[in-house]
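# Close look at the chain arrangement
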Amino acid sequence: QVQLVESGGGLVQAGGSLRLSCAASGRSFRSYYMGWFRQAPGKEREFVAAISWITGNTYYADSVKGRFTISRDNAKNMVYLQMNGLRPEDTAVYYCAVNRDYSGTYSLIGGYDYWGQGTQVTVSS
């Protein structure tokens, strides 16, 4: 089993910043990619960012490129999402997920086999 626990969400004004954290644990934890996804009310879950656990290569959705930064701490099994320049359209529940065995490309939701419970991010205008 794998457990993922997100933290760091909250309410922020447009232009502000938040840092999300994801703590991974469990005997079965291993990772090829760690990813962040988000889901706004009435919308489908979408890819935000991902990081290769081994190489540290990072990948971003076009909508967040240049504003968000994903990073990892392998020793602590932690993944972070630094979000700067937040916009009202960034409002969503943000989920951390792990793709343990390269089950598809980094942006493929179906390739991620464990998910956190989500953390709410609300950006006011």
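We now turn to the structure provided with this report. Predicted, not measured: the structure shown is a model, and the values here were computed from it.

The next subject is the environment of Tyr106. Mapped onto the elements, Tyr106 comes out in the loop between β9 (92-99) and β10 (114-115). Overall, the relative accessible area of 26% leaves Tyr106 in the partly exposed class. For the pair Tyr106 and Ile51, spaced 55 residues apart in the sequence, the C-alpha separation amounts to 8.0 Å. Contacts of Tyr106, omitting those with residues within four sequence positions, involve Tyr33, Phe37, Phe47, Ala50, Tyr59 and Tyr112.

For the structure on display, the rule yields 6 salt bridges. In this structure, Glu46 and Arg38 form a salt bridge, with 2.6 Å as the shortest nitrogen-oxygen distance. According to the relative accessible area criterion, Glu46 is partly exposed, its value standing at 35%. Of the residues examined, Arg38 reaches a relative accessible area of 7% and is grouped as buried. Here Asp62 ties to Lys65 by a salt bridge, and the two come within 3.2 Å at their closest N and O atoms. Like Asp62, the residue Lys65 is exposed in the burial classification.

So, how was this worked out
- Residues numbered from 1 in each chain as written.
- Predicted model: local features only at pLDDT ≥ 70, side-chain atom pairs only at ≥ 80, totals over all residues.
- Heavy atoms only, no water.
- Helix = DSSP H or I, 4+ residues; strand = E, 2+ residues; numbered from the N terminus.
- Buried < 20%, exposed > 50% of the residue type's maximum accessible area, 1.4 Å probe, protein only.
- Contact = heavy atoms within 4.5 Å.
- Salt bridge = Lys/Arg side-chain N within 4 Å of Asp/Glu carboxyl O.

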